[in-house]
Amino acid sequence: MKGGELVVANVGANVGTVCIVPETDEIKTLGPNMFLVGYKNILNKKYIFYLLCSDFLQYEFKVVATTTAQPKLNKDQFRSLNMTIPPDNEQQAIANYLDAKTQAIDKKVSLLEQKIETYKKLKNTIIAKAVTQGISNQELSINDLGFKSPANWTKYRLKDLGKLFSGLSGKSGDDFNQDDNPNNRGFIPFTNIANNTYLKKDHLGTVVINPGEKQNKVRKGDLFFLMSSEGYGDIGKTAVLADEIEEAYLNSFCKGYRLNQSKCNPYFLNYLLLSNIYRQRLLVEGKGFTRINLKMEKVTDFEIFIPSKISEQEGIATYLDQKTATIDAIVGNIGRQIETLKQLRKTLINDVVTGKIKVVES
């Protein structure tokens, strides 16, 4: 397979997805779950690429794909698709037009994505500085964890400030997400912790909890640790429950952490544990090959420096709530701009290849 070839994914949720191998690449073998698209000399490969990307053909791919365990598109099904192809000169004109327009859109998207990364780095920097140095001018010194913190901050192990508790136990797949079971109760899924700083109480799964069954309920102010993950990106990630919740439980891949709130503010501690400097210290404790796991004792023995006064911790948490909310709003707005541009790109391709927008050869 050479650069410039068209490749189509033929199995799975992305069935019908098409790409062009970069001209600079030469790949000797084709990976599984994809096939090459042959095209005759009368066809312009760039035009065919845009045609295959259009919504109406993507829809056709989904329709004709067999649906056994997962969608699968074979070559005969692909060949059976009906396509109306314009003359050579019009194909070239369409390809040139869409190249220019989509490249301009892609450039804008790329710049906006870079902006998002810049704001994310700024957010991480603000959090790291606030939870390690505070938000007021204080004398700093190198602590015995190797970074600067206020001289009057105190070192604790997490087990000095609270205790871990387990998630759901003794459950099978049949106990989850049943419809209309009167014993259904909410539980916090892995993704709610992985994707959020503050847990979303309306993003819960359901699990059957039978009368008299002993499971650990979650409470407002609890922190939650991801203790097992397929990669290092999530391991040890925390989130905190800031809302009152009637009755809910925790998934089995996580541990809850219940603080003595007279010693430490849970919202401050969550920001601290999410900061890069502490995240990196906890990440190295994850061990495993096919799945990364974090042992309870590594969490309970984890050392942190925090302000002695609860009022100072609360002040830092409030400051970070305000700063991160502003940044998150900006990132959200940029994300919506990106989605608008991607939709514009898709609509443009559809309208041009279907003739809704007429392209005249220059």
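Residues numbered from 1 in each chain as written. Predicted model: local features only at pLDDT ≥ 70, side-chain atom pairs only at ≥ 80, totals over all residues. Heavy atoms only, no water.

1. What about the overall build of the protein chain?
For step 1, the next point in the chain: Per the secondary structure count, the protein chain includes 10 helices and 18 strands.
For step 2, the next point in the chain: In summary, the protein chain has a C-alpha radius of gyration of 27 Å against a globular reference of 21 Å for 362 residues, an excess of more than 25%.
For step 3, the next point in the chain: Taken over the C-alpha atoms alone, the protein chain extends approximately 75 × 55 × 40 Å along its principal axes.
For step 4, the next point in the chain: Within the protein chain, the fraction of its 362 residues that count as buried is 41%.
For step 5, the next point in the chain: Long-range pairs, those at least 24 residues apart, make up 74% of the contacts in the protein chain with a sequence separation of at least 6.
For step 6, the next point in the chain: In the structure as shown, the protein chain presents an accessible area of about 20,200 Å², 50% of it carried by carbon and sulfur atoms. (Helix = DSSP H or I, 4+ residues; strand = E, 2+ residues; numbered from the N terminus. Rg over C-alpha atoms; globule rule 2.2 N^0.38 Å. Buried < 20%, exposed > 50% of the residue type's maximum accessible area, 1.4 Å probe, protein only. Contact = heavy atoms within 4.5 Å. Areas by Shrake-Rupley, 256 points an atom, 1.4 Å probe, with all protein chains shown as cover.)

2. Brief notes about the confidence of the model for the protein chain
For step 1, the next point in the chain: The predicted model of the protein chain has a mean per-residue pLDDT of 88, with 93% of residues at 70 or higher.
For step 2, the next point in the chain: Taking the mean pLDDT of every element in the protein chain, the minimum, 66, falls on strand E4 (residues 66–67) and the maximum, 98, on helix H7 (residues 266–274). (pLDDT = per-residue confidence, 0-100.)

3. Things to note about the environment of Ile245
For step 1, the next point in the chain: Mapped onto the secondary structure, Ile245 falls in the loop between strand E14 (238–240) and strand E15 (248–250).
For step 2, the next point in the chain: Residue Ile245 is classed as buried on the basis of its relative accessible area, which comes to 19%.
For step 3, the next point in the chain: Between the C-alpha atom of Ile245 and that of Gly286, which follows or precedes it by 41 residues, the distance is 31 Å.
For step 4, the next point in the chain: In contact with Ile245, not counting residues within four places along its chain, are Lys201, Leu204 and Val218.

4. Quick notes on the packing of helix H1 (residues 45–53) against helix H2 (residues 55–64)
For step 1, the next point in the chain: Two numbers describe how H1 lies on H2: the axes approach to 5 Å, and their chain directions differ by 65 degrees. Mapping the contact onto sequence places Leu51, Leu52 and Cys53 in H1 and Asp55, Phe56, Leu57, Gln58 and Phe61 in H2.
For step 2, the next point in the chain: Residue classes in the contact of H1 with H2 are distributed as 6 nonpolar, 1 polar and 1 charged. (Axes fitted to C-alpha atoms, helices over the stretch in contact; angles between N-to-C directions. Nonpolar A, V, L, I, M, F, W, Y, C, P; charged D, E, K, R; others polar.)

5. With respect to the nonpolar core
For step 1, the next point in the chain: One finds Leu52, Phe78, Phe225, Tyr257, Leu269, Leu272 and Ile304 to be the most contacted residues of the largest nonpolar core, which totals 72 residues.
For step 2, the next point in the chain: Looking at this core, the element that brings in the most residues is helix H10 (residues 310–353), giving 12 residues.
For step 3, the next point in the chain: Non-local contacts of Leu52, meaning those with residues more than four positions away in its chain, are made with Leu6, Val18, Val37, Leu57, Gln58, Phe61, Phe78 and Met83.
For step 4, the next point in the chain: Counting residues in each nonpolar core, the second largest holds 14 residues, with Phe224, Leu241, Ala248 and Leu250 among its members. (Core = buried A, V, L, I, M, F, W, Y, C linked by side-chain atoms within 4.5 Å.)

6. A closer look at the packing of H7 against H10
For step 1, the next point in the chain: Where H7 meets H10, the axes come as close as 8 Å, and the angle between the chain directions of the two elements is 60 degrees. Here the hand of the crossing between H7 and H10 comes out left-handed. Judged by residue contacts, Tyr267, Phe268 and Tyr271 of H7 engage Gln313, Ile316, Ala317, Leu320, Asp321 and Thr324 from H10.
For step 2, the next point in the chain: Classifying every residue of the contact of H7 with H10 by side-chain character gives 6 nonpolar, 2 polar and 1 charged. (Left-handed = near helix turned anticlockwise from the far one by under 90°.)

7. Here we look at the sheet that holds strand E10 (residues 184–188)
For step 1, the next point in the chain: As summarised here, the arrangement of the 3 strands in space is E11-E10-E15, forming an open sheet in which the pairing is mixed. The open sheet has two edge strands, strand E11 (205–208) and E15, and neither has a second partner. Ignoring which end each strand starts from, the neighbouring axes of this sheet average 50 degrees apart.
For step 2, the next point in the chain: In terms of strand pairing, E10 meets E15 through 3 bridges, oriented parallel. Residue pairing across strands places Ile188 opposite Leu250, the latter belonging to E15. (Pairing = 2+ DSSP bridges.)

8. Details of H7
For step 1, the next point in the chain: Counting buried positions over the 9 residues of H7 gives 9, a clear majority of the element.
For step 2, the next point in the chain: Those residues of H7 lying buried are Pro266, Tyr267, Phe268, Leu269, Asn270, Tyr271, Leu272, Leu273 and Leu274.
For step 3, the next point in the chain: The N-cap of H7, judged by a side-chain oxygen 3.0 Å from the amide nitrogen of Tyr267 a few residues on, is Asn265. (Polar contact = N/O pair within 3.5 Å; in protein donor to acceptor, adjacent residues only side chain to side chain.)

9. A few points about the pairing of strand E1 (residues 6–9)
For step 1, the next point in the chain: Of the two faces of E1, the one holding Leu6 and Val8 and the one holding Val7 and Ala9 are both buried throughout.
For step 2, the next point in the chain: Pairing of E1 with strand E2 (residues 18–20), which is carried by 3 bridges, proceeds in the antiparallel orientation. Pairing of Val8 across the sheet is with Val18, part of E2.
For step 3, the next point in the chain: Strand direction decides the pairing type here: E1 and strand E3 (residues 34–37), joined by 4 bridges, are antiparallel. Its bridge partner being in E3, Val7 is matched across the sheet by Leu36.

10. Focus: the environment of Asn14
For step 1, the next point in the chain: Along the chain, Asn14 turns up in the loop between E1 and E2.
For step 2, the next point in the chain: Assessed through its relative accessible area of 54%, Asn14 is described here as exposed.
For step 3, the next point in the chain: In the structure, Asn14 is positioned 57 residues away from Pro71 in sequence and 8.8 Å away in space, judged by C-alpha atoms.

11. Remarks on the packing of aromatic side chains
For step 1, the next point in the chain: Under the definition given, this model contains 7 aromatic pairs.
For step 2, the next point in the chain: Ring geometry for Phe147 and Tyr278: centres 5.6 Å apart, planes at 85 degrees, overall edge-to-face. Of the two residues, Phe147 is situated in the loop between strand E6 (140–142) and strand E7 (148–150) and Tyr278 in helix H8 (residues 276–283); the sequence distance between them amounts to 131 residues.
For step 3, the next point in the chain: Taken together, the aromatic side chains of Phe147, Tyr278 and Phe302 make up a single cluster linked through ring pairs. (Phe/Tyr/Trp six-rings, centres within 6.5 Å; stacked < 30°, edge-to-face > 60°.)

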